[in-house]
Structure formats: C-alpha cells, structure tokens
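These are the residues of each chain, in order.
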Amino acid sequence: MSFRSLIQDMRDEFGSISRHSLRSRSHRSAGNASRAAAAGPSEAMDQSCWSQLPPELLREVLVRIEASESWWPARKDVVSCAGVCRTWRGIMKEAVRVPEVSGKLTFPISLKQPGPRDGTLKCFIRRNRTTQTYYLYIGLTEAYDVKFLLAARKCRKPTCTDYLISLDKVDMSKGSSTYIGKLRSNFLGTKFTVYDAHPPYDGAVVSKSRSARVVGLNQVSSRVPAGNYPVSHISYELNVLGSRGPRRMNCVMDSIPASAVEEGGKAPTQTEFLLSSLDSFPSIPFFRSKSARIESSTAQSSSQKKDRLVLKNKSPRWHEQLQCWCLNFRGRVTVASVKNFQLVASDDNGPGNQENVKVILQFGKIGKDLFTMDYRYPISAFQAFAICLSSFDTKIACE
C-alpha cells in the first residue's frame, strides 16, 4: 500500500468516526442521553483500528509519511496527522526537523526558525495597493503549487508607519492571536525596527513598559503576548545630494550573534510560541525617567553591539551597455527597481570578497505587484519578510 493510500485510509477512518458520533447524537433518546454523550469521538477513536497499532509501528508509519510528503500542498497531510491527538502530535514534532536541516516549512513556528544552511527557501510577495496589504507565499511563482505563510498590513501614524504581521490573511490586527510581530519606521522612512511578539531567545528584553499594553485590555485576548521584542534594526543611508545609484541599507540583527555566519555557528531557534502575559513582567515599572532609559539602552548597546550580526546590501556594478546598476539575481528578478537588493554579511562578520560571499537575503521585482524573496540561514522567514517590507516604504530622503 502506498503512503498516499495509507493517508486516505486514515482520513476515511476518522471520517467514519465523525459520522458515527453525529448519528449517535442525533438518535439518542432522553433516557440514555448521558451514555450517548460519552460515546463521542474519543470512544470511537479508542475503537478504531489505528488505536490498536503498536507504538513502534505507529511511529514508523508517521515518520515515513513525513518523509514522503516533502512539499506543499501534499505536506498538509503531515499537519493533519499532528492534529489527531497528543500522541500523534508528539511523534510528528519529533519527526519534523527544523528548516535549518530539512529546508522545509511545516508548522507555524517554522516561520520563526532560521532558514536552511544549504540552499535557500524561494518565496514571493504579492502586494495589494488598494488595501495596503502584503502576502508572503512559499513557491517559485503563482504558476506553481504555493503555500500562504504570512500577511502584513500597513498602518500610517502621524510620526511613524507600522506594518502589522500576522499568520492570518484576514485578521491582521494587533489584538489577534495570530499577530506575531511588526515593522515600525521613523517619520522619514530611513530607520526601521523589527519587533517580535514572542521572546526570540531566553533572556530577551521587552522594549515597552507594562503601561503600553494596559490600554484596551478588554479588547485584547489574555493569550496575546505582552510587549515587543526588538530583533532587528534597519537603516537606509540618506541621499542628501540626490546622486544616482541604488539604496544603501544596513541591518543589525539584535537576536543573531555575528558568529552565526561562521562555520559551526549557531543562531537562536524558537521551538514554540511563548505566550506571555502582563504578569510576566512584574519588575518593569509603570514609569521610568528618560535618563534611566537612556542609561540602560546605552549599556545594552555597548555590550552587545560587537556580538550582533550586521548585514549590508551587496554593491551592484554599473553596466555600460545597459546604462544601469546590475546585480546577479540568478534569474529570480526580471524587472529593474530601486527596491531590489541582496543582503550579505558585513566585512566585520564575513569575508571581504563580495563575489564569493553567500547571499543571505535577496528581494526583487518580477511584476507590477509581484516580488521574489529568497532567504537562508541564519535569518527566519519572519525576519526576511519584515526586512523586505522596509523596502516598500516611501523614502523621500534616500532617493
């Protein structure tokens, strides 16, 4: 029996369990209501042939299913198996390897984990100008089988602009349980900060005080993480003279050490979405003086600045025949745009020769509202998406 047939057999089995449960509820009488209520899906699951499998055989079947379904949409069977019960979920979580090793995105937490070391994950972004929303998919282009990953919505404010990032296509509000972070720009659109809604590593410091999220507690779910954790700072050099040329950008990855790009280096890897609450920050006062904030931020900056990974855009070359700046995107970018870029480790973190250095993130235009995004270790899909969103923002002082 093929694995696809095996999966279909499993679906039919669970479908019969659900139908059996519905029939038992619809035909029960008042006298045996309590007994019929007990004979629900859990009892039907116990009577299923799959519950009789030895644990070793069940584990072997699920592991082979995970190995056989390597790409979406077929990989949704792996997620379906993980949603059957706690036992199956535990087996699938052990079988599914992190993207760093497998190069696959399976569960939502995979979007917060570093990309593959060998090769890149090829994604694309679709922009909707009318609603000012952006959607990230994994796949070469829309012509192939694709899988939705993340969505972002642009929110303009008097002094800044926020891009709220969510796991849901529709609900991209900050109070939603699917909200996972945001990108915030300054007034000029030259400096950006990427905030993670969940602690990116042990000991991560939240950037806001408790009072920042006390407002509107009735509208915010108790399961929504409190506070924002800065994971990256993006800056674009000012172009005061208005000279021609591509944008120059610099990314300081607060949550990734500089040693991550070296041989055997490690980047922090989240294993689950940690749901914190306001009670998780009892030591943070409601009010802090400005001098205290400056002193703490300066101390933290001086002690960690040398250990952070710094990314910069790869310098393009001027093409005399085409009369334009050019970069080798290896066929992934087809339309010239000031938004196109390739990020590599800075000279302090990586090799000085840019020709042989590995491109960690590349972003480019292939259509009117269609862009490609390819990333690799040590950044995650969430971080890569947030960095690419900064390129969409208007930068009057940089162009």
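Worth saying up front: this structure is predicted, and the values here are computed from it rather than measured. (Residues numbered from 1 in each chain as written. Predicted model: local features only at pLDDT ≥ 70, side-chain atom pairs only at ≥ 80, totals over all residues. Heavy atoms only, no water.)

### Some points on the overall build of the chain
Then, number 1: Along the chain, the regular secondary structure elements total 10 helices and 14 strands.
Then, number 2: Sequence separation of at least 24 residues holds for 61% of the intrachain contacts in the chain that already meet a minimum separation of 6.
Then, number 3: For the chain, the accessible area works out to roughly 21,500 Å², and carbon and sulfur atoms hold 52% of it. (Helix = DSSP H or I, 4+ residues; strand = E, 2+ residues; numbered from the N terminus. Contact = heavy atoms within 4.5 Å. Areas by Shrake-Rupley, 256 points an atom, 1.4 Å probe, with all protein chains shown as cover.)

### With respect to the layout of surface pockets
Then, number 1: Of the voids in this model, the second largest pocket is the one considered here, and its volume is about 670 Å³.
Then, number 2: Every residue lining the second largest pocket is counted, 24 residues in all, and those nearest its centre are Phe-107, Ile-109, Thr-271, Glu-272 and Phe-273.
Then, number 3: Broken down by secondary-structure element, the contributors of at least two residues to the lining of the second largest pocket are helix H5 (76-82), helix H6 (86-95) and strand S5 (179-185).
Then, number 4: When grouped by side-chain class, the residues that make up the lining of the second largest pocket number 12 nonpolar, 7 polar and 5 charged. (1 Å grid on protein atoms, 1.4 Å probe; cavity = no way out; pocket = protein on both sides within 12 Å on 5 of 7 lines; lining within 4 Å. Points joined across faces, edges and corners; volume = space filled by probe spheres on them. Nonpolar A, V, L, I, M, F, W, Y, C, P; charged D, E, K, R; others polar.)

### What about the sheet that holds strand S3 (residues 147-156)?
Then, number 1: Spatially, 12 strands are ordered S1-S2-S3-S4-S5-S6-S7-S8-S9-S12-S13-S14 in a closed barrel, and the strand pairing comes out antiparallel. Between one strand axis and the next, the sheet turns through 20° on average, direction left out of account.
Then, number 2: Relative to strand S13 (residues 361-365), strand S12 (residues 341-345) runs antiparallel, the two being bridged by 3 bridges. Bridging from a neighbouring strand, Gln-342 pairs with Gln-362 of S13. (Pairing = 2+ DSSP bridges. Axes fitted to C-alpha atoms, helices over the stretch in contact; angles between N-to-C directions.)

### Digging into the nonpolar core
Then, number 1: Ranked by size, the top nonpolar core spans 47 residues in total, and within it Leu-361, Met-373, Tyr-375 and Phe-385 carry the most contacts.
Then, number 2: Broken down by element, the residue count for this core peaks at 9 residues, all from helix H10 (residues 381-392).
Then, number 3: Setting aside residues up to four positions removed in sequence, Phe-385 forms contacts with Ile-125, Tyr-134, Leu-136, Leu-150, Ala-151, Ala-152, Ile-165 and Met-373.
Then, number 4: If you look at the next biggest cluster of nonpolar residues, it comprises 13 residues, including Leu-58, Leu-62, Val-78 and Ile-109. (Core = buried A, V, L, I, M, F, W, Y, C linked by side-chain atoms within 4.5 Å. Buried < 20%, exposed > 50% of the residue type's maximum accessible area, 1.4 Å probe, protein only.)

### Some thoughts on H10
Then, number 1: Helix length check: H10, at 12 residues, gives a terminal C-alpha distance of 17 Å against a target of 16 Å (1.5 Å per residue), a fit within 8%.
Then, number 2: Those residues of H10 not exposed but buried are Ala-381, Phe-382, Gln-383, Ala-384, Phe-385, Ala-386, Ile-387, Cys-388, Leu-389, Ser-390, Ser-391 and Phe-392. (Expected span 1.5 Å × (residues − 1).)

### Focus: the environment of Lys-104
Then, number 1: Looking at where Lys-104 falls in the secondary structure, it is placed in the loop between helix H7 (99-102) and strand S1 (121-128).
Then, number 2: What makes Lys-104 buried here is its relative accessible area of 17%.
Then, number 3: When the C-alpha atoms of Lys-104 and Trp-72 are compared, they prove to be 9.5 Å apart, with 32 residues separating the residues in sequence.
Then, number 4: For Lys-104, the residues in contact, after removing those within four places along its chain, are Glu-66, Ala-67, Ser-70, Arg-75 and Pro-99.

### Structural notes on the packing of aromatic side chains
Then, number 1: Taken as a whole and assessed by the stated rule, the structure comprises 9 aromatic pairs.
Then, number 2: Considering the side-chain rings of Phe-371 and Phe-392, the 4.9 Å spacing of their centres and the 90° angle between planes classify their relative orientation as edge-to-face. Taken together, the residues Phe-371 in strand S14 (residues 370-375) and Phe-392 in helix H10 connect sequence positions 21 residues apart.
Then, number 3: Owing to a relative accessible area of 0%, Phe-371 belongs among the buried residues under this scheme.
Then, number 4: Residue placement shows Lys-112 over the ring face of Phe-382; its charged tip is 5.0 Å from the ring centre.
Then, number 5: Geometry around Trp-72 places Lys-147 over its ring, the cationic atom sitting 4.6 Å from the centre. (Phe/Tyr/Trp six-rings, centres within 6.5 Å; stacked < 30°, edge-to-face > 60°. Lys NZ or Arg CZ within 6 Å of the ring centre and 35° of its normal.)

### Considerations on the pairing of strand S9 (residues 308-313)
Both faces of the sheet carry side chains from a regular strand, because those side chains alternate between them.
Then, number 1: The element S9 is largely enclosed, with a buried count of 5 among its 6 residues.
Then, number 2: With 5 bridges connecting them, strand S8 (residues 249-257) and S9 associate as antiparallel partners. Note on S9: the bridge partner recorded for Met-253 is Leu-309.
Then, number 3: With 3 bridges joining them, S9 and S12 adopt antiparallel strand pairing. If you follow Lys-312 over to S12, its bridge partner there is Val-344.

### Comments concerning the environment of Arg-75
Then, number 1: Tracing the backbone through its elements, the reader meets Arg-75 in the loop between helix H4 (55-68) and H5.
Then, number 2: Arg-75 sits in the buried class, given a relative accessible area of 1%.
Then, number 3: Sequence-distant contacts of Arg-75, defined by excluding residues within four places in its chain, comprise Glu-66, Glu-69, Ser-70, Val-96, Lys-104, Leu-105 and Thr-106.
Then, number 4: Engagement of the side chain of Arg-75 in a polar contact is seen with the side chain of Glu-66, the distance being 2.6 Å. (Polar contact = N/O pair within 3.5 Å; in protein donor to acceptor, adjacent residues only side chain to side chain.)

### Considering the state of the cysteines
Then, number 1: Counting across every chain of the model gives 0 disulfides.
Then, number 2: This cysteine, Cys-123, is not joined by any disulfide, and Cys-388 carries the nearest cysteine sulfur, 9.3 Å off.
Then, number 3: No disulfide involves Cys-251; its nearest neighbouring cysteine sulfur is the one of Cys-388, lying 9.5 Å away.
Then, number 4: Assessed through its relative accessible area of 0%, Cys-251 is described here as buried. (Disulfide = S-S within 2.5 Å.)

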